[in-house]
Amino acid sequence: MGRFGAGQPMRRVEDQRFLTGTGRYTSDIDLPDQAAATVVRSPFGNARILGIDTEAARLAPGVLGVFTAADLDADGVGDIPVAARLTSRDGSPMRTPRRPVLADGRVAHVGEAVAFVVAETIAAARDAADLVMVDYDPLPAVTDGTAALEPGAPPIWDEVPGNQAFDWETGDAGAVAAAFATAARTVAVDLVNNRVIPTAMEPRSALADYDDKADRLTLYTGTQNAHSLRDWLCDLLPLPPERLRVVAPDVGGGFGMRIFLYPEHVLVLWAARRLRRPVKWVGDRSEAFLADTHGRDHRTHAEMAVDAEGRFLALRVATVANLGAYVSQMGAFIPTLAGSGMLTGVYRIPALSVRVRGAITNTAPVDAYRGAGRPEAAYAIERLADVAARELGLAPDELRRRNFIPPEAMPYRTAGGKTYDSGEFERNMRDAMARADWAGFPARRAEAAARGRWRGIGMSTYIEACGGGPDEGATIRLEADGTAVVLIGTQSTGQGHETAYAQMAADALGLPIDRVRVVQGDTDRVSDGHGTGGSRSLPVGGAATAAAADALIASARPHAARALGVPEAALDFAAGAFRVRDSNRFVALEELARQAGGLSAAARFRPPAATYPNGCHVCEVEIDPETGAVSVVRYTVVDDVGVVLNPLLLAGQVHGGTAQGIGQALLEGAVYDETGQLLTGSLIDYALPRADDLPSFDFATNEVPCRTNPLGVKGAGEAGSIGAPPAVINAVVDALAHLGIRHVDMPATPQRVWHIIRSAQDKAAA
Amino acid sequence: MRGDEGMTTVALRINGVEHSVAADGRRTLLEVLRDELGLTGAKRGCNQGVCGACTVLLDGRPVRACLSLAAACAGHEITTVEGLTEGNELTPVQQAFVEHGAVQCGFCTPGMVLTATALLKENPKPNVAEVRTALSGNLCRCSGYRKIVDAVVAAGGAR
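*Asks:* Explain the overall build of chain A to me, please; I cannot follow it from the model alone.
*Replies:* Along the backbone of chain A there are 20 helices and 28 strands. Its C-alpha atoms give chain A a radius of gyration of 27 Å, near enough to 27 Å, the size a compact globule of 766 residues would have. Counting only C-alpha atoms and orienting by the principal axes, one finds that chain A spans roughly 90 × 80 × 55 Å. Considering only contacts within chain A whose residues lie at least 6 apart along the sequence, 80% involve residues at least 24 apart. A total of about 26000 Å² of accessible surface is found on chain A, and carbon and sulfur atoms cover 51% of it. Chain A carries 75 positive and 93 negative side-chain charges, and their two centres are separated by 4 Å.

Pasting the structure below:
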C-alpha cells in the first residue's frame, strides 16, 4: 500500500445514507415558518420590458411579497459579477452587458428571472406568479454565435457593439503563417462543439434563513464552492462576510454548473432578510434547462500544416464561442485561456495560433461544464489528427506515433505555453489498442457487415490541464476521544470526498477509517476554501490533507518524547504510534491526543503548476444504415491520472465523464429556435445517456506519477468527458468512410447520420 | 386552481404502516411522501415521469411517484427506500451497491435500488443486458451506469 493509503479501493463512507434515503439535499431541508418562492421568468428570447404590474399578485391569497428589479435596486443590491475578463487583440477591453439579479427593463434569454414571488405555500406562490403582468415588447432574437457576429444581426446590448464581447488571440501567427507557406500539405476541419446542458440530477435549489437577533443569514444550497459563493454574495448584497453563512448539504451532481452565483441565491437571502423568515426556492427541471449555465457551443475552423512524413508543423485555430445572453462568471475564460493552451494535445507542434471571438446571443449563459475548454481543444486536435491520417493514407495510430511528445522529452514546454511534467502517450495508446483488440477489428467489422451493420473504430489520445490555480488549506483535529476530523474547503458533489480524505488521514494517522470524519461545505466550520472545480480536489486538497497529517504527527512528536522520556530523534512514527527505535516501547497517537485534550494541525498547498492527466480512448460503434442509429458496442479507456488513491472512486469519475462525453457526441444538444425558445427544455426533448445506451466500459490506468505535487496524483474528474467525444466521432466517421464521408457533427443523432448517409449515397448515384 | 380546497382523506399503507393523509384528486404520491410524511428518499428530479428518481414500489412493482395520484394508491402496498431496511442492515441489493461503488451523488440511488429490487424479484438472475434494460428508466448523470449494472448483476448472483 502506498503512502496515505494510495491504491486501496476503500468502500464509500457516504453510501449508507444515500442507500437508505437519509441523504439530505437542499430540497429535503425544511425550516420552521418557512415561506415558499417561485421565479417569474421571461417567455421571450429578446424583449424590452415596458412595465411590470404586480398588484394582483400581491393581493393574491397567502402572498408575502412580489419583488422586481426596482425593489432590489432600492436596496442597493448589485449585479451578478463577471469574474474573468480579457483584452481583445486590438487592445480594447472585453465588452459586457450589465447583468442584474432580476431583469431591469430588458430580457435577453428565455427563462431569465423577472420577478420573485414569495408566499405561504408553493401553490400560493405559483398561483400569484401567474398574476404578475409583465408588458413585453418582443425584439428580433439571434441564438447562433456565428450568426450573431454577422453584419445586420439583431443587436442585443448597446454596450456590446456587433454582439462581440471580445476578439482574442494568442500564439505566434507569424510562425504559423510561415510554416503553412512551406508545408508539404495542410489539412483542415470545420467543427461544431455542440451546446450541452449539464443536467445534474438534483435540480438547483436554495433555502435562506434569517437570524433576527444576530442579523445574520444562512444559505443552504447545492454549490461546488461555499466560500467563493459567500464572498460573491457578500459583495453583491452587500453584507460583511461574517453576516453570511453558506452551507452545502448533500449535492446531487455539479459538473461545473454549480460553481456559479445564480439569481435565486440572492433572491432567497434578500427576501428572507426582508420578510424575517426562512425562504425556500426549489427549481424544477424546466428551470434547470432554461436557467442553469450551459456548456461548450463553439464553432471552430482548425487547420494544420504537415510535412511529407506526416509530422505536424503548425496549428491554426479560429473559434466563435457562443457566450449566451450575458458573459457568465468564467464565461470568457473557458473558450480562451482554459482551452487554447491545450490545443496542441500530446503532440510536438512547433507553432500555434489561436483566435477566439466571443458572441452574445439570446440564449442561456454558457460557462464551465465538465472539462471546460479542454474538451473543445481535445476535440479539435483529435479530429484533425484523424482527418490528417486519412488524407495522408496513414493509420491513425501510426500518424499519432510519429508526432507524440516522447517521455524522455519531459518536462516539455508546448507551443501553447504549457509545461507537461510527465506522460507516456505512446504507451497509453499501445495499452488501449491491446485491450480493445484493435488488431482484431477487421474481423468484427466483417461480422457486423454480414448482419447489415457498419462498424467503425476510433481513438483519441488526449491530454488536459487541471488542478492548477489557487491554494487549498486542510485542518485535521484528532479529538481526545480518538476520532479525527478533516476540515476542508473543497466540495464533493458525488465524487466521494468524505471517503477519499478520510482514507488518506486514516492511513497517515493509523486510525480505522470509520473514526475519521470529513467536514466540508460550511463556511462557519471550515475557515476558507476554493471549492471543487477543474479536477482540483485531490491534487490540491489532497496534498493539503497529506501535509496537515504530517504536521499533526510533527506536533505530537514532542509530547511523545516527553511521554517516553527519550529525545525526539529516537522516535519513529508508524501505524498510529511513536516507537522508540530499537526498543519495544511506544505511545499511540490517540493516547497523546487524549492526554493533550486533542491535537490539531493545519497546512496549505499551493500548486506550482497544473497537472496533466492524459490517456487513450478507443470506441467501437455500429451504425444501422436504414435508421442512422449509432450504437456504442465497445469502449476502452486507458488513463494516466498519476498515482491512484482509490480505484473505486476513480472508476466512478472516469466512467461518468466518459458517459457525458458519449452523450455529447451522440445524444445531447441544446436547440433554440430562431425566436430564442429552447426546444430541448425537458428530459423528454433533451436526451441523456440511459443504461441501455452505453456499453460496460473497460478501464485501466497507466500510473505515471505527477512531478509537481507531493502525492503524484493528476486530476481525474474531467478526463472522461475530454477523451470521449473525439473517440466516438472518429469511430462514427470510420464506419461511414466507405461512403466518402469525412466528418459528422455532434451530436451524431440517428436523424443527422441518416441524412449524411442518404446525401452521400445520392451523390454516389449521381 | 392549485389551492387546498376539496381535500379528502386517503388511507395509504406505506412501508407496512397505515397513514391517513389529506389528498385532493390531483395530489401525487410524491407530494404526499415528501411534503406531508417527510419521506424524502423519493427524489423529485423532473416531476414528469422521465428521470426515475422518485421511483417507489406499488405492490412490489416500480412506479413513478410523481405520476401516481395518491388517491389511486389506496389499497396498495407502497414501499419507499426508507422501508427496505430494518435497522442498519442493508438489503443484498444495497450491499452490492456499496461493494461495487455504485453510489455517487446519491440522488438517483433510491430509485435505482427500488427498480433493481423489483427486477430481482421478477428475474432473480438477470444478465447484463436485462439489467441495462430494466434500469433504462432511471437516469444517472454521475456513474455511466457501469458500476450500478455490475452491482445489480452481482446481487442476482448471475455471471
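After presenting the structure, the write-up continues.
*Asks:* Could you clarify how one ought to interpret the state of the cysteines in this entry?
*Replies:* The bond known as a disulfide is covalent and runs between the sulfur atoms of two cysteines. Summed over all chains, the structure comprises zero disulfides over all chains. Here Cys46 of chain B stays unpaired: no disulfide links it, and the sulfur of Cys51 of chain B, its closest cysteine neighbor, is 3.9 Å away.

*Asks:* Is there a simple way to think about the environment of Glu382 of chain A in this case?
*Replies:* Residue and element names in this part refer to chain A. Position of Glu382 among the secondary structure elements: in helix H11 (residues 374–392). Considering only alpha carbons, one finds Glu382 and Ser460, 78 residues apart in sequence, at a separation of 5.9 Å. Excluding anything up to four places from it in sequence, Glu382 contacts Tyr347, Arg400, Ser460, Thr461, Pro726 and Asn730.

*Asks:* Would you explain the domain arrangement of chain A in this entry?
*Replies:* How big an interface is tends to be reported as the loss of accessible area on association of its parts. Residue and element names in this part refer to chain A. With domains assigned, chain A is organised as domain 1 (31–139 + 202–253 + 257–283), domain 2 (298–466 + 610–765) and domain 3 (468–605). Summarising the inter-unit geometry, the C-alpha centres of domain 1 and domain 3 are found 39 Å apart. Contacts between the two partners involve 18 residues from domain 1, matched on the other side by 17 residues from domain 3. Between domain 1 and domain 3 lies a buried interface of about 1200 Å² when both sides are counted; carbon and sulfur atoms form 45% of it.

*Asks:* It is not clear to me how the domain arrangement of chain B should be interpreted in this structure. Could you clarify?
*Replies:* Residue and element names in this part refer to chain B. Annotation of chain B at the domain level lists domain 1 (8–83) and domain 2 (92–156). Taking only C-alpha atoms into account, the centre of domain 1 sits 21 Å from that of domain 2. Opposite the 18 residues of domain 1 that make contact, domain 2 presents 11 residues. Across the interface of domain 1 and domain 2, roughly 1100 Å² is buried in total on both sides, 64% from carbon and sulfur atoms. Inspection of the domain 1/domain 2 interface yields one salt bridge. Linking Glu122 and Arg61 is a salt bridge whose minimum nitrogen-to-oxygen distance equals 3.6 Å. Our count for the domain 1 to domain 2 interface comes out at four residue pairs in polar contact (both at pLDDT 80 or more). Breaking the side of domain 1 that touches domain 2 down by element, the ones donating at least two residues are strand S3 (55–58) and strand S4 (61–64). Across the side of domain 1 that touches domain 2, the residue classes break down as seven nonpolar, seven polar and four charged.

*Asks:* Honestly, the sheet that holds strand S14 (residues 312–324) of chain A in this entry has me stumped. Any pointers?
*Replies:* Paired through backbone hydrogen bonds, the strands of a sheet run either parallel or antiparallel to each other. All names here are of chain A. Ordered by their spatial adjacency, five strands build an open sheet running S7-S15-S14-S13-S8, and the pairing between neighbours is mixed. Where the open sheet ends on each side, the last strands, each with one partner, are strand S7 (164–171) and strand S8 (185–193). The average angle at which neighbouring strand axes cross in this sheet is 10°, direction not considered. In the sheet, S8 pairs with strand S13 (residues 298–306) via nine bridges, with the strands oriented antiparallel. Paired with Val187 across the bridge in S13 is Met304.

*Asks:* Even after reading the chapter, I still don't get the environment of Met257 of chain A, so can you show me in this structure?
*Replies:* Residue placement: Met257 of chain A occurs in the loop between strand S11 (244–247) and helix H8 (263–275). In this structure, the C-alpha to C-alpha distance between Met257 of chain A and Gly541 of chain A, residues 284 residues apart in sequence, is 20 Å.

*Asks:* For this particular structure, what's the right way to read the interface of chain A and chain B?
*Replies:* Listed by partner, the interface residues are 54 residues for chain A and 47 residues for chain B. A combined buried area of about 4100 Å² lies between chain A and chain B, and 54% of that area is made up of carbon and sulfur atoms. At the boundary of chain A with chain B, the tally comes to four salt bridges. Measuring nitrogen to oxygen at the nearest pair gives 3.3 Å for the salt bridge that ties Arg11 of chain A to Glu99 of chain B. At the surface where chain A touches chain B, the tally comes to 27 residue pairs in polar contact (both at pLDDT 80 or more). Among the elements of the structure, helix H1 (15–19), helix H4 (122–129) and helix H18 (647–666) of chain A are those that each provide at least two residues to the side of chain A that touches chain B. No other element matches H18 of chain A, which puts eight residues into the side of chain A that touches chain B. Looking at the side of chain A that touches chain B residue by residue, the classes come out as 23 nonpolar, 17 polar and 14 charged.

*Asks:* When you look at the packing of aromatic side chains in this model, what are you seeing that I'm missing?
*Replies:* Centre-to-centre distance and the angle between the planes together describe a pair of aromatic rings. Residues and elements named next belong to chain A. Inspection of every chain in the model, using the stated rule, returns 13 aromatic pairs over all chains. Each ring, one from Phe312 and one from Tyr347, has its centre 5.3 Å from the other, and the planes form 80°; the classification is edge-to-face. Remark: Tyr347 occurs in the loop between helix H10 (334–338) and strand S15 (351–360) and Phe312 occurs in strand S14; sequence separation between them is 35 residues. For Phe312, a relative accessible area of 2% corresponds to the buried category. Ring centres of Phe404 and Phe425 lie 6.5 Å apart, and the angle between their planes is 55°; this geometry places the pair in the tilted category. Here Phe404 is found in the loop between helix H12 (396–403) and strand S16 (412–413), whereas its partner Phe425 is found in helix H13 (residues 425–435), with 21 residues between them in sequence. By relative accessible area, Phe425 is classed as buried at 2%.

*Asks:* Quick question: what am I supposed to make of unusual backbone geometry here?
*Replies:* One can expect most non-glycine residues to show negative phi and most peptide bonds to be in trans. Residues and elements named next belong to chain A. The omega angle of the peptide bond from Met410 to Pro411 is -10°, so this bond is cis rather than trans. Of note, Pro411 is situated in the loop between H12 and S16. In this model, Met746 is joined to Pro747 through a cis peptide bond whose omega is -10°. For Pro747, the location among the structural elements is in the loop between helix H19 (719–736) and helix H20 (750–765). For Thr199, which is not glycine, the phi dihedral falls at a positive 60°. Despite not being glycine, Arg276 has its phi angle at roughly 55°, a positive value. Mapped onto the elements of the fold, Arg276 is located in the loop between H8 and strand S12 (279–282).

*Asks:* Where do I start with H19 of chain A in this structure?
*Replies:* Residues that lie three or four places apart on an α-helix share one face, since the helix turns once every 3.6 residues. For H19 of chain A, which comprises 18 residues, the first-to-last C-alpha distance of 27 Å matches the rise-based estimate of 26 Å (1.5 Å per residue) to within 8%. The buried fraction of H19 of chain A amounts to 18 of the 18 residues, a majority that puts the element mostly inside the structure.

*Asks:* Help me out: how do you make sense of the nonpolar core in this one?
*Replies:* Where a protein is soluble and globular, its nonpolar side chains tend to be buried together. By size, the foremost hydrophobic cluster in this structure holds 171 residues, and its most contacted members are Met304 and Tyr635 of chain A together with Phe97 of chain B. In this structure, Ala544, Phe578, Leu592 and Val713 of chain A belong to the second largest nonpolar core, which totals 48 residues.

*Asks:* Just to check I follow, could you spell out the sheet that holds strand S25 (residues 599–605) of chain A for this structure?
*Replies:* All names here are of chain A. In space, the four strands of this open sheet follow the order S21-S20-S19-S25, with mixed pairing throughout. The open sheet has two edge strands with one neighbour each: strand S21 (516–519) and S25. The sheet shows a mean angle of 15° between the axes of neighbouring strands, taken without regard to direction. Sheet analysis places strand S19 (residues 472–478) next to strand S20 (residues 484–488), joined by five bridges and oriented antiparallel. Paired with Ala474 across the two strands is Ile488, which belongs to S20. Sheet strands touched by helix H15 (residues 497–509): S19, S20 and S21. Its angle to S21, the strand with the most contacts, is close to 135°. In the packing of helix H17 (residues 589–596) onto the sheet, contacts are made with S19 and S25, and the angle to S25 comes to roughly 115°.

*Asks:* Got a minute to help me understand the pairing of strand S1 (residues 35–41) of chain A in this structure?
*Replies:* Residues and elements named next belong to chain A. The element S1 is largely enclosed, with a buried count of seven among its seven residues. What you see with S1 is no split at all: Ala35, Ala37, Val39 and Arg41 on one side and Ala36, Thr38 and Val40 on the other are buried throughout. Looking at chain direction, S1 and S12 are connected through three bridges and run parallel. Looking at the pairing, Ala37 lines up with Trp281 of S12. Here S1 runs beside strand S5 (residues 113–119); their pairing, made up of six bridges, is antiparallel. Counted as the bridge partner of Ala36 is Ala119 from S5.

Rules behind the numbers
- Residues numbered from 1 in each chain as written.
- Chains lettered and ligands numbered in written order.
- Predicted model: local features only at pLDDT ≥ 70, side-chain atom pairs only at ≥ 80, totals over all residues.
- Heavy atoms only, no water.
- Helix = DSSP H or I, 4+ residues; strand = E, 2+ residues; numbered from the N terminus.
- Rg over C-alpha atoms; globule rule 2.2 N^0.38 Å.
- Contact = heavy atoms within 4.5 Å.
- Areas by Shrake-Rupley, 256 points an atom, 1.4 Å probe, with all protein chains shown as cover.
- Lys, Arg positive; Asp, Glu negative; His and termini not counted.
- Charge placed at Lys NZ, Arg CZ, Asp CG, Glu CD.
- Disulfide = S-S within 2.5 Å.
- Domains from an automatic or database assignment.
- Buried area = accessible area lost by both parts, 1.4 Å probe.
- Salt bridge = Lys/Arg side-chain N within 4 Å of Asp/Glu carboxyl O.
- Polar contact = N/O pair within 3.5 Å; in protein donor to acceptor, adjacent residues only side chain to side chain.
- Nonpolar A, V, L, I, M, F, W, Y, C, P; charged D, E, K, R; others polar.
- Pairing = 2+ DSSP bridges.
- Axes fitted to C-alpha atoms, helices over the stretch in contact; angles between N-to-C directions.
- Phe/Tyr/Trp six-rings, centres within 6.5 Å; stacked < 30°, edge-to-face > 60°.
- Buried < 20%, exposed > 50% of the residue type's maximum accessible area, 1.4 Å probe, protein only.
- Expected span 1.5 Å × (residues − 1).
- Core = buried A, V, L, I, M, F, W, Y, C linked by side-chain atoms within 4.5 Å.

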